Amino acid sequence: MINNKLISELALKYGFGLVGFSSVTLLSKETARLKEWIECGNHAGMDYMERNLEKKENIKEILRSAESVISLGMFYDSGEKHEYKPGFGKVSRYAWGTDYHFIMWEHLEEMIDELKEIDSSFEGIFYVDTGPVMDKVWAVKSGLGWQGKNTNIINKESGSFFFIANIITNKKFEYSVPSADYCGTCRACIDACPTNALNPYHIDARKCISYLTIENKGEISKEFTGKFENWIFGCDICQDVCPWNEKFSVFTSEPKFHSAGNKELELKQVLNMENDKFKKKFEVSPIKRSKLKGLIRNAEFLTIE
Ligand code: B12
Ligand code: SF4
Ligand code: SF4
């Protein structure tokens, strides 16, 4: 029988260290905030954020029979640290190994196949990052953690270095209790952000190094010169300074998240890289997303800093 216990066992078996359950509801308040965030231009050039708002609000538009959302978290902190090497740019830890989408999709497919074998009436559609689902909102509803002032989801026992997957399903469960907010008076993330992208519980992607080095298709504005703290792809500052990560970060059990030699990239090597070499080196890495053109732009920006 499909119940909380079985799902929790399977989640662990397939590498998800966090699991929680929420009942399907309309996300009217959250999508109103999302709309406002977009209307103020905070999504920068991420036009895809404007699409499918109706599905984000009502996930029954994705699965008519939806009753619950199973939220899952997969840890990716390998325990390794950045090294400070002159002439090298730092890569965000989420991109040190294999692209998390590939790893999580594979495990989710296997998990859903197993659930369908146990009960052929089980319906489940999963999303990780891409897709018309507000991953963080469901993770909070399912009790995986609270949304911190740095806007990431933080778990009191394990920090925030985990990716989120959500399975929309037709089955009912006992539902989780959302976590309290444990940010308190802390504002370490806000004070540490070198580009002032954060206000409590609010991010302006136009100023976020993660956006500027990954999603951004254009140039990097000169206003950020000298402020990148050597990040060439993504940024971990607002999570690295968070006391919940400093004290409680749980290390990943997935060897593919360990560094594949991509923790720091040599700027000279990036600037002289040919497309064939780029494609080969980053074939299964999240770094592929910026394309060679974007990575070279980032390296050039760091060399003028
Ligand atoms: C767009 C996007 C980005 C953008 C915008 C970041 C953001 N905070 O949204 C950019 C490119 C900057 C980005 C960066 C990163 N991302 Co990203 N990103 C997404 C994506 C695709 C959509 C998120 C979204 O809807 N944003 C829109 C805004 C409106 O959402 P929001 O900031 O959460 O806004 C809410 C709050 O402001 C809240 N709110 C408003 N007022 C108040 C008041 C209070 C008191 C509270 C509590 C809340 C609150 O309401 C809003 C709506 O719910 C999700 C995947 C997905 N499909 O959901 C991944 C996702 C959020 N990213 C993720 C990751 C890992 C990252 C990076 C760490 C990668 C990196 N190292 O470079 C950074 C972190 C930067 C940061 N500080 O957030 C993970 C986060 C996992 C986690 N544990 O939280 C996700 C969930 C992907 C995944 N499936 O694992 N990302
Ligand atoms: S990821 Fe970096 S730039 Fe973006 S909000 Fe966090 S500290 Fe600021
Ligand atoms: S650094 Fe402090 S304020 Fe920021 S998310 Fe962590 S606990 Fe919250």
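Structure shown above.
**Regarding the overall build of the protein chain**
Then step 1. Tallying secondary structure elements over the protein chain gives 12 helices and 11 strands in all.
Then step 2. The C-alpha radius of gyration of the protein chain comes to 20 Å, within 12% of the 19 Å expected for a compact globule of 305 residues.
Then step 3. When the backbone C-alpha atoms are referred to their principal axes, the protein chain occupies close to 60 × 40 × 35 Å.
Then step 4. Within the span of the protein chain, comprising 305 residues, buried residues form 40% of the whole.
Then step 5. Within the protein chain, contacts between residues at least 6 apart in sequence are counted, and of these 81% link residues at least 24 apart.

**Some thoughts on the pairing of strand β7 (residues 162-169)**
Then step 1. Burial of β7 is extensive: 7 of the 8 residues sit out of reach of the surface.
Then step 2. With 8 bridges connecting them, strand β2 (residues 68-75) and β7 associate as antiparallel partners. Bridging across to β7, F75 finds its partner in F162.
Then step 3. Taken together, the 4 bridges between strand β4 (residues 124-127) and β7 define a ladder with antiparallel strand orientation. Looking at the pairing, Y127 lines up with N166 of β7.

**Digging into the pairing of strand β3 (residues 88-91)**
Then step 1. Every second residue of β3 is oriented toward a common face, with F88 and K90 on one face and G89 and V91 on the other, all of them buried.
Then step 2. Here 3 bridges tie β3 to strand β11 (residues 264-266), and the two strands are oriented antiparallel to one another. Residue pairing in the sheet places K90 in a bridge with E264 of β11.
Then step 3. When β3 meets strand β10 (residues 231-233), the two strands line up parallel, connected through 2 bridges. The residue of β10 that forms the bridge with V91 is F233.

**Structural notes on the sheet that holds strand β1 (residues 18-23)**
Then step 1. Spatial ordering of the open sheet is given by β1-β2-β7-β4, a layout of 4 strands whose pairing is antiparallel. Because the sheet does not close on itself, it has two edges, and the strands there are β1 and β4. In this sheet, adjacent strand axes meet at a mean angle of 20° when their direction is disregarded.
Then step 2. Across the sheet, helix α1 (residues 4-13) lies against β1 and β2, angled at about 145° from β1, the strand it touches most.
Then step 3. Its contacts with the sheet put helix α4 (residues 100-118) on β2, β4 and β7, and the angle it makes with β7 is roughly 35°.

**Quick look at α1**
Then step 1. Along α1, the residues that are buried comprise I7, L10 and A11. What you see down the axis of α1 is that its buried residues fit within an arc of 105°, all on one side. The exposed residues of α1 that point more than 90 degrees off its buried face are K5, E9 and K13.
Then step 2. Of the surrounding secondary structure, the elements contacted by the buried residues of α1 are β1, β2 and α4.
Then step 3. Positioned one or two residues after α1, G15 has a phi angle of 90°, which is positive.

**Some details on the site of ligand 3**
Then step 1. Around ligand 3, the surrounding shell consists of G148, K149, N150, C183, C186, R187, A188, C189, V241, C242, P243 and W244.
Then step 2. Counting residues per element, the ones that place at least two in the shell around ligand 3 are α6 (188-192) and α9 (243-248).
Then step 3. Residue composition of the shell around ligand 3, grouped by class: 8 nonpolar, 2 polar and 2 charged.
Then step 4. Taken together, domain 1 (4-78 + 97-169) and domain 2 (188-303) each give at least three residues to the shell around ligand 3, which thus spans both.

**Looking at the nonpolar core**
Among soluble globular proteins, nonpolar side chains are generally buried collectively.
Then step 1. With 75 residues, the main nonpolar core has L72 and A165 as its most contacted residues.
Then step 2. Among the elements that take part in this core, α4 stands out by supplying 6 residues, more than any other.
Then step 3. Counting residues domain by domain, this core receives three or more from each of domain 1 (4-78 + 97-169) and domain 2 (188-303).
Then step 4. Here A165 is in contact with L72, M104, L108, F126, Y127 and V128, once residues within four sequence places are set aside.

Analysis parameters
Residues numbered from 1 in each chain as written. Chains lettered and ligands numbered in written order. Predicted model: local features only at pLDDT ≥ 70, side-chain atom pairs only at ≥ 80, totals over all residues. Helix = DSSP H or I, 4+ residues; strand = E, 2+ residues; numbered from the N terminus. Rg over C-alpha atoms; globule rule 2.2 N^0.38 Å. Buried ≥ 20, exposed ≤ 12 C-beta atoms within 10 Å, placed from the backbone. Contact = placed C-beta atoms within 7 Å. Pairing = 2+ DSSP bridges. Axes fitted to C-alpha atoms, helices over the stretch in contact; angles between N-to-C directions. Arc of directions from axis to C-beta. Near = placed C-beta within 6 Å. Nonpolar A, V, L, I, M, F, W, Y, C, P; charged D, E, K, R; others polar. Domains from an automatic or database assignment. Core = buried A, V, L, I, M, F, W, Y, C linked by C-beta atoms within 7 Å.

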